[in-house]
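The lines below spell out each chain.
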Amino acid sequence: MRLKKRSDYKRVYRCGVARKRAYFSFHIFQREGPARLGIVIQRRWGTAVKRNRMKRVIRETFRRNSELFTGMDIIVRPHEVCQGCEAEEVKRLLIKEFREAAGTEVKNEQGKSLSD
RNA sequence: GGAGAGGGCUAGGUGGUCGCGGAGGGAGACCCUUUCGAGGGUUCCUCUGAGGAAAGUCCGGACUCCACAGGGCAGGCCACUGGGGAAAUCCCAGCGGGGGUGACCUCGGGAAAGUGCCACAGAGAAUAGACCGCCGAUGGCUCCGCGGAUAUUUCCCGCGGGCACAGGUGACGGUGAAACGGUGGUGUAAGAGACCACCAGCGGCCUGGGCGACCAGGCCGGCUCGGUAAACCCUGGCCGGAGCAAGGCCAAGUAGAAAGGCAUCUGAGGGCUGCCCGUCCGAGCCUUUGGGUAGGCCGCGCAGAUGAAUGACCCCCCAGGACAGAAUCCGGCUUACAGGCCCUCUCCCUUA
RNA sequence: GGGAGCGUGGCGCAGUCGGUUAGCGCACUGGGUUGUGGUCCCAGGGGUCGCGGGUUCGAGUCCCGUCGCUCCUC
């Protein structure tokens with residue numbers, strides 16, 4: 001599933017946890033229900049073809065490994081260093097960095113601002 | 001065989017596994033909502049799913065709104081000819097100038113309606129001829145010499161020389177992007193289209209060809225006329241403005257918030273691109289601060305969404321596979337582009 | 001998606017009607033002043049005018065194409 005509404009994005013940005021890694025940035029929000037994904041790529045990142053390919057590879061990885069992401073809303077933002085990567089490389093780096101980012105501390109840090 | 005010119009086509013393909021957007025169908029199964037009619041989702045089947053440029057937004061339209069848009073000025077765009085086209089900075093064919101050995105490429109109203117500009121250099125930069133220079137035939141000189149008349153001189157006359165005072169003269173004058181037609185001759189005191197021959201260029205007339213731009217030939221004239229309109233401009237033609245974030249509907253919501261200004265029919269303000277006239281609407285309008293929402297549906301398509309769909313892996317073809325992703329839709333232009341294929345044509349070399 | 005605007009030394013900007021010295025401030029370098037540094041004074045270096053074509057004798061300026069950036073759009 002995908003994040004569709006502006007209010008969903010706002011909630012993830014305001015109440016979620018931000019993690020910045022070398023190749024991707026993550027915003028993670030713990031939530032009941034199936035996992036939902038949002039991808040943010042600026043226009044300056046590359047041409048429309050490059051942006052579309054990156055989004056497709058990220059969605060493919062999300063679909064293949066959906067058991068990793070259950071119970072959270074995630075916003076992924078690729079950095080400019082990802083532009084030269086092959087698809088297999090993007091997959092490997094995305095899973096690796098997400099496992100680093102989504103440690104156990106996510107649940108602990110989140111709870112207080114959930115009242116919004 | 002090599003070099004090149006013009007035009008067209010294609011844009012990896014075939015077969016599998018997993019996955020995505022949309023439309024239609026279902027007799028079944030599951031979940032959610034329910035006003036118990038039904039609606040939505042998942043699953044199953046079928047069909048369909050990016051480009052020649054989708055791009056840049058450079059032109060032109062369709063479409064939508066602005067209270068159907070009148071006149072003048074200003075403004076913008078276009079410009080050889082004939083067709084095509086809804087129109088266009090579009091296409092096809094042709095004409096003329098320039099470039100190329102050639103196939104071909106490129107440019108296109110008017111400089112003789114007027115204005116402006118042409119820096120530096122140069123004598124001179126736009127139709128008036130100045131300066132230096134040349135000549136000084138013809139005049140001029142209280143210049144010099146010789147000769148004639150006279151005994152001699154002045155004076156007078158003639159010849160030769162000088163002066164450069166009148167005057168004559170034009171393109172010779174380090175330049176410059178551009179210099180007042182070019183070459184040769186006649187001619188003259190010196191020269192010059194002053195005259196002659198050829199050539200270049202301009203204008204007018206006539207004849208013939210072509211729908212036309214224009215071309216070919218002949219005659220005549222003045223004897224020569226710079227460049228720039230992607231400077232102002234002139235001539236002819238076209239143009240109301242904004243743009244799908246146009247525009248319409250529904251829902252939610254501040255809030256009928258505060259301050260200042262101008263008005264309430266002798267009329268603020270607004271629309272008709274800017275200004276004026278004219279005309280129409282007209283009781284509220286404008287600016288600033290503060291605040292609210294930035295859901296959904298139509299517009300919207302024989303691909304078609306509204307956080308926005310095409311990807312990953314494997315096999316074969318020896319290997320490689322570019323530029324690049326629809327967002328209202330069409331017709332063009334321009335720009336980017338790996339490799340491959342086809343057609344037509346030109347030049348050079350070799351062989352027959 | 002649509003509509004406007006801007007690119008000039010390292011930075012921020014001028015550059016008129018197209019004319020030939022591309023200029024100003026800060027910054028940089030050298031020298032002077034001072035016991036030293038700052039301030040101040042003098043001198044100097046540094047420019048593909050975003051890029052590519054075109055018009056013109058001549059383009060930062062005019063025209064066309066292209067690249068990059070910024071702003072507006074209930």
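### Quick notes on the protein's contact with RNA strand B
Around RNA strand B, the surrounding shell holds 18 residues, and the nearest of these are Arg2, Leu3, Tyr9, Arg56 and Arg63. Restricting the count to atoms of RNA strand B within 4 Å of the protein gives a sugar and phosphate share of 58%. Interatomic distance of 2.9 Å between a side-chain N/O atom of Arg56 and a phosphate oxygen of RNA strand B. Of all the elements in the fold, those that place two or more residues in the surface near RNA strand B are α1 (6-15), α2 (48-64) and α4 (87-101). Taken together, the residues that form the surface near RNA strand B break down as six nonpolar, two polar and ten charged.

### What to know about the pairing of strand β2 (residues 24-30)
The buried fraction of β2 is high, at six of seven residues. Direction of pairing for strand β1 (residues 17-20) relative to β2: antiparallel, over a ladder of four bridges. Within the sheet, the bridge partner assigned to Val17 lies in β2 and is Ile28. By the bridge criterion, seven bridges tie β2 to strand β4 (residues 72-78) in an arrangement that is antiparallel. Its bridge partner being in β4, Gln30 is matched across the sheet by Met72.

### Notes on the pairing of β4
Taken across its seven residues, β4 has six buried, putting it largely inside the fold. Note: strand β3 (residues 36-39) against β4, four bridges, orientation parallel. By the bridge assignment, Arg36 is partnered in β4 with Asp73.

### What to know about the sheet that holds β3
Taken in spatial order, the four strands make up an open sheet running β1-β2-β4-β3, and their pairing is mixed. At either margin of the open sheet sits one strand with a lone partner, and together these are β1 and β3. For this sheet, the mean inter-axis angle between neighbouring strands, taken without regard to orientation, is 20°. Taken strand by strand, α4 contacts β1, β2 and β4, and its axis lies near 50° from that of β2.

### Structural notes on the confidence of the model for chain A
Counting all residues, the mean pLDDT for chain A is 79, and 87% of those residues have values of 70 or more. Of the regions scoring below 50 in pLDDT, residues 110-116 engages in seven contacts with residues more than four places distant in sequence or in other chains. Interface confidence for the predicted complex, expressed as ipTM, amounts to 0.78; the pTM equals 0.77.

### Here's the deal with the side chain of Glu97
Here Glu97 lies in helix α4. It turns out Glu97 is buried and unbridged, and the closest side chain with the opposite charge, Lys96, is 5.4 Å from it. Excluding residues that lie within four positions of it along the chain, Glu97 makes contacts with Arg21, Ala22, Tyr23, Phe24 and Phe26.

Calculation rules
Residues numbered from 1 in each chain as written. Chains lettered and ligands numbered in written order. Predicted model: local features only at pLDDT ≥ 70, side-chain atom pairs only at ≥ 80, totals over all residues. Heavy atoms only, no water. Near = heavy atom within 4 Å. Polar contact = N/O pair within 3.5 Å; in protein donor to acceptor, adjacent residues only side chain to side chain. Helix = DSSP H or I, 4+ residues; strand = E, 2+ residues; numbered from the N terminus. Nonpolar A, V, L, I, M, F, W, Y, C, P; charged D, E, K, R; others polar. Buried < 20%, exposed > 50% of the residue type's maximum accessible area, 1.4 Å probe, protein only. Pairing = 2+ DSSP bridges. Axes fitted to C-alpha atoms, helices over the stretch in contact; angles between N-to-C directions. Contact = heavy atoms within 4.5 Å. pLDDT = per-residue confidence, 0-100. Lys, Arg positive; Asp, Glu negative; His and termini not counted. Salt bridge = Lys/Arg side-chain N within 4 Å of Asp/Glu carboxyl O.

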